[in-house]
Amino acid sequence: FVRGLEALIDLPCITPDHHRVSLWVNTGLMTDVVRSLDHGAEGIGLFRTEVPFLLSERFPSEREQADIYREQLQAFSPKPVTMRTLDIGGDKSLPYFPIEEANPFLGWRGIRVTLDHPEIFIAQTRAMIRASEGLDNLQIMLPMVSNLQEVTSAIQIIKRALRELQEEGLDVSMPPIGVMIELPAAVYLTRALCQIVDFVSVGSNDLTQYLLAVDRNNPRVADLYSAFHPAVLNALQHVVTAAHAENRPVSICGEMAGDPGAAVLLMAMGFDTLSMNASTLLKVKAVIRAMTLSSAKALLNDVMQMNDAESIRSCVDLALYNAG
Ligand code: PEP
Ligand code: MG
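The model shown is predicted, which means the values in this text are computed figures rather than measured ones.

How each quantity is defined
- Residues numbered from 1 in each chain as written.
- Chains lettered and ligands numbered in written order.
- Predicted model: local features only at pLDDT ≥ 70, side-chain atom pairs only at ≥ 80, totals over all residues.
- Near = placed C-beta within 6 Å.
- Helix = DSSP H or I, 4+ residues; strand = E, 2+ residues; numbered from the N terminus.
- Nonpolar A, V, L, I, M, F, W, Y, C, P; charged D, E, K, R; others polar.
- Contact = placed C-beta atoms within 7 Å.
- Core = buried A, V, L, I, M, F, W, Y, C linked by C-beta atoms within 7 Å.
- Buried ≥ 20, exposed ≤ 12 C-beta atoms within 10 Å, placed from the backbone.
- Axes fitted to C-alpha atoms, helices over the stretch in contact; angles between N-to-C directions.
- Parallel < 35°, antiparallel > 145°, perpendicular 65-115°, else oblique.
- Pairing = 2+ DSSP bridges.

(A) Broad picture of the site of ligand 1. Neighbouring ligand 1 are the residues Leu46, Arg48, Asp87, Glu182, Gly203, Ser204, Asn205, Asp206, Cys253 and Gly254. Sorting the residues of the shell around ligand 1 by element identifies strand 2 (44-48) and helix 9 (204-212) as the ones contributing at least two each. No other element matches the 3 residues that helix 9 contributes to the shell around ligand 1. Partitioning the shell around ligand 1 into residue classes produces 2 nonpolar, 4 polar and 4 charged.

Next comes the structure, spelled out in C-alpha cells:
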C-alpha cells in the first residue's frame, strides 16, 4: 500500500458533493483477486480470461476453465465479476494456436476469432455459466466488437450454452451481457449496441491505439499515444452520453481509469464505474474523495476547449496539485 492510503479501504468512493463512483478492478490471475479484495474493490470490471489460457500448454477444458472462473466468482461474491471472452490475436497469441498476420491489430482478434471457432466460444461460455451456478455475480463481456451482427451472433451462442446446461440439470440463468467499446466503429454504434446488451465498457487502451493509429506497444511512436488526446476525450464523452441515453451503465477498463487525473475527467464525463489495476485504486479514491463533481466538471469543460494532449495533461495536473 502507498503509505497513508490504507485508511481509505473501507471508505466509500464519493466526492465531497456526494457523487458516487464505483471503483472496480482488472484481474487475470487469482493473486490479483486477493489483492483487489484487500484494496476494497467493489467488483471486477475486467477479468482477462486469456491470462489462464496463456499460462496453459493447450486449450484448457471446459471443466478446467470452470474451476478457474468459479474461484474468481466465489472470491468476489456477491460483488459482480465481468468476464471477458477470449481476447487473443493482436499482441497476444497462444503458443498452441499461432496466428501469423502482417497486421495483427487489424486482423483476426478477439470476438472475430471466437465467432470463427464457435467450439472455443461455447466451451468458454459454458464454463463461465457453469461456474456461476448458485452465485449470481457473473457478467460476460465481448472484446473487439465492430458491428451489431457480432454481438447478436455471440448472444445466440451464449443462449445455446445456457440452454444446454439447463437441459443437463444445472440451475443457471442468463448473465448480463456487455460489449467493450474499443474500436472507433463501436464508439459510433454505442446507442444501437446498448439496445441489445446490458452494459458497455470502454477499452481505452485499444480505443486510443485505433483512434490515433498508434501501436500501443511501439516505443517509436509512444510520444503520440495519449488518452488525453482531444479526439480520445471526445469519443469517451460520446460513449457516456449515448449509453446513458439508453439507460445503460457505462464503465471504463483501460489503463487511463487508474490515472488519478484521467479518473477525475472520466467521473466528470459521467462514467458510472472505473475499473483499474488494484495498485491504483486507493490513489484514485483519494482524489475523488477530495474533488467535488462540480469542480471536476469545470475542469472537463476547460480541457474540452483545448486542442492538444500535452496542454490538457498539464491543465489536469495543475488542477490536481491545487486540489492538494
Ligand atoms: C483495453 O483495450 O483498454 C482493454 C482494457 O483491453 P486490453 O488492454 O486487454 O486490450
Ligand atoms: Mg482491448
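(B) Representation of the environment of Leu265 in the model. Checked against the element boundaries, Leu265 lands in helix 11 (residues 260-269). Along the sequence, Leu265 and Thr190 sit 75 residues apart, while their C-alpha atoms lie 20 Å from each other. Leu265 has contacts with Leu233, Leu300, Val303 and Val316, leaving out every residue within four places of it along the chain.

(C) Broad picture of the nonpolar core. One finds Val179 and Val239 to be the most contacted residues of the largest nonpolar core, which totals 89 residues. Residues contacting Val239, with those up to four places away along its chain left out, are Ile181, Val187, Thr190, Val200, Val202 and Val250.

(D) Fine view of the packing of helix 11 against helix 14 (residues 309-322). Contact geometry of helix 11 with helix 14 gives a least axis separation of 9 Å together with a crossing angle of 95°. Viewed along their axes, helix 11 and helix 14 adopt a mutual orientation that is roughly perpendicular. Residues Pro260, Gly261, Val264 and Leu265 of helix 11 form the contact with helix 14, whose participating residues are Val316, Asp317 and Leu320. Broken down by class, the residue content of the contact of helix 11 with helix 14 amounts to 5 nonpolar, 1 polar and 1 charged.

(E) Structural view of the pairing of strand 4 (residues 138-142). Burial analysis of strand 4 places 5 of its 5 residues in the buried class, the great majority of the element. What you see with strand 4 is no split at all: Leu138, Ile140 and Leu142 on one side and Gln139 and Met141 on the other are buried throughout. With 3 bridges connecting them, strand 4 and strand 5 (residues 177-181) associate as parallel partners. Bridging from a neighbouring strand, Met141 pairs with Gly178 of strand 5.

(F) Broad picture of unusual backbone geometry. With an omega of 5°, the peptide bond between Ser77 and Pro78 qualifies as cis. With respect to the helices, strands and loops of the structure, Pro78 is situated in the loop between helix 3 (62-76) and strand 3 (81-84). Residues other than glycine seldom take positive phi values, yet Ala213 does so here, at roughly 55°. Looking at where Ala213 falls in the secondary structure, it is placed in the loop between helix 9 and helix 10 (230-245). Of note, the phi angle at Asn247 is positive, near 55°, even though the residue is not glycine. Mapped onto the secondary structure, Asn247 falls in the loop between helix 10 and strand 7 (250-252).

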